[in-house]
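Topology and contacts: notes
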Amino acid sequence: MNSTLGTTTRYLDVTGGRIAYDDAPGAGVPVVLLPGMLDKRSAYRHLAPLLTAAGHRVVTMDLRGLGESSTGFDDYSPAAIAEDLVALLAHLDLRGAVLVGNSYTGATVVRAAELAPERTGGVVLIDAFIENLPLNGFQKALFGLVGPLVATFPGLWGALQKFYYPTERPADFDAYRAELSAMLREPARKAALRGYLGGDSAPVGWCAAVDVPALVLMGDKDPDFPKPELIADRQATALRGRKVMIGNAGHYPMASHPQAVADALLPFLADLADAPNEPNQDAR
């Protein structure tokens with residue numbers, strides 16, 4: 001099975017289908033990793049081992065219709081995926097978990113933190129779109145063109161990966177993007193492809209309901225944002241959290257710069273482990 005952590009793939013039935021995940025044991029703060037749009041949980045294949053080596057329990061989850069999760073869902077929005085994430089937290093009985101979302105699923109982990117505060121210890125955004133600035137005319141035209149093209153020619157997504165890694169790329173980059181292209185060409189994935197490309201990945205205002213520690217990680221060469229640091233500042237302010245820019249990284253720093261991401265994430269996890277256990281605000 002295609003497990004990020006070298007463990008056997010597991011499955012959880014949720015509304016509309018089932019999701020695939022893996023779970024590596026550890027005594028430290030549990031971490032749940034969600035990939036971005038049109039990606040697989042193995043997006044964290046280089047970061048997850050660094051977290052497990054530090055003693056953390058690490059769970060990675062495939063999104064609806066992607067990876068080893070089933071197809072046939074009718075809702076691929078960040079909010080719908082948040083329901084799957086909350087179901088997984090309950091299924092594994094995780095408490096104090098740090099929810100990590102990349103790109104499209106930054107909004108997902110924020111919503112899940114609102115839905116399940118008793119199970120959420122913190123949120124981490126990696127090059128996420130939530131709280132983004134409104135698209136300008138050029139960006140609207142660009143995304144309006146790319147979306148339909150990728151939906152018609154799924155293999156184009158593999159080619160676009162070079163755009164998202166503008167500097168350094170992992171050694172297995174070519175093999176991985178070939179896997180993504182092959183996955184998206186499967187006929188059963190067409191509904192998911194259209195659903196993700198048409199979804200709202202950048203809701204504004206969701207962060208206000210989150211009351212847990214937050215960390216914002218952003219590649220300073222991310223081509224999806226004209227000013228990556230400005231977006232990171234907006235997100236950190238909205239979540240009342242801290243920000244770390246990953247130098248010379250594009251949209252997927254957990255794959256291109258896993259050690260730099262771990263160097264930022266592990267102290268955050270250590271702070272949570274050392275923090276006193278206070279009752280949830282809603283339970284007081």
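Notes on the structure in this doc start here. (Residues numbered from 1 in each chain as written. Predicted model: local features only at pLDDT ≥ 70, side-chain atom pairs only at ≥ 80, totals over all residues. Heavy atoms only, no water.)

**A few points about helix 10 (residues 258–274)**
Because each turn of an α-helix spans 3.6 residues, side chains separated by three or four positions in sequence point in the same direction. Its 17 residues place the ends of helix 10 24 Å apart at the C-alpha level, agreeing with the 24 Å of an ideal helix rising 1.5 Å per residue. Three or more residues of helix 10 are buried, namely Pro258, Val261, Ala262, Ala264, Leu265, Phe268, Leu269 and Leu272. (Helix = DSSP H or I, 4+ residues; strand = E, 2+ residues; numbered from the N terminus. Expected span 1.5 Å × (residues − 1). Buried < 20%, exposed > 50% of the residue type's maximum accessible area, 1.4 Å probe, protein only.)

**Brief notes about the sheet that holds strand 1 (residues 10–14)**
The mixed open sheet is built from 8 strands, whose spatial order is 1-2-4-3-5-6-7-8. Since the sheet does not close on itself, it has two edges, and those belong to strand 1 and strand 8 (242–246), each with one partner. Sheet twist, expressed as the average angle between the axes of neighbouring strands with direction ignored, equals 20 degrees. Note that strand 6 (residues 120–126) and strand 7 (residues 214–219) share 4 bridges and pair parallel. Paired with Val123 across the two strands is Ala214, which belongs to strand 7. Along the sheet face, helix 3 (residues 106–115) touches strand 3 (31–34), strand 5 (97–102) and strand 6 and points at about 165 degrees away from the line of strand 6. (Pairing = 2+ DSSP bridges. Axes fitted to C-alpha atoms, helices over the stretch in contact; angles between N-to-C directions. Contact = heavy atoms within 4.5 Å.)

**Quick word on the nonpolar core**
Generally speaking, soluble globular proteins have nonpolar side chains that are buried together. Of all hydrophobic cores here, the largest spans 88 residues; its most connected members are Val32, Leu85, Val124, Trp157 and Tyr196. Here this core gets 7 residues from one element, more than from any other, and that element is helix 10. Residues in contact with Val32, not counting those within four places in the same chain, are Val59, Leu85, Leu89, Leu94, Ala97, Val98, Leu99 and Val100. (Core = buried A, V, L, I, M, F, W, Y, C linked by side-chain atoms within 4.5 Å.)

**Here's the deal with the side chain of Ser69**
Its place among the elements puts Ser69 in the loop between strand 4 (58–61) and helix 2 (78–91). Assessed through its relative accessible area of 4%, Ser69 is described here as buried. Within the structure, Ser69 has its side chain in polar contact with the backbone nitrogen of Ala20 (distance 2.9 Å). Within the local environment of Ser69, its side chain forms a polar contact with the backbone oxygen of Leu63, the two atoms lying 3.3 Å apart. Beyond its immediate stretch of four places on either side in the chain, Ser69 contacts Arg18, Ile19, Ala20, Asp62, Leu63, Arg64 and Arg189. (Polar contact = N/O pair within 3.5 Å; in protein donor to acceptor, adjacent residues only side chain to side chain.)

**Describing the packing of helix 2 against helix 3**
Between helix 2 and helix 3, whose axes approach to 8 Å, the crossing angle comes to 55 degrees. Relative to helix 3, helix 2 is oriented oblique. For the crossing formed where helix 2 meets helix 3, the hand is right-handed. Seen from helix 2, the contacting residues are Pro78, Ala79, Ile81, Ala82, Glu83, Leu85 and Val86; seen from helix 3, they are Ala107, Thr108, Val109, Arg111, Ala112 and Leu115. Here the contact of helix 2 with helix 3 is built from residues that sort into 10 nonpolar, 1 polar and 2 charged. (Parallel < 35°, antiparallel > 145°, perpendicular 65-115°, else oblique. Left-handed = near helix turned anticlockwise from the far one by under 90°. Nonpolar A, V, L, I, M, F, W, Y, C, P; charged D, E, K, R; others polar.)

**A word on unusual backbone geometry**
A positive phi angle, close to 60 degrees, is found at Leu38, a residue other than glycine. Mapped onto the fold, Leu38 is located in the loop between strand 3 and helix 1 (48–53). Residue Leu38 is classed as buried on the basis of its relative accessible area, which comes to 0%. Of note in this structure, Arg240 is not a glycine but carries a positive phi near 55 degrees.

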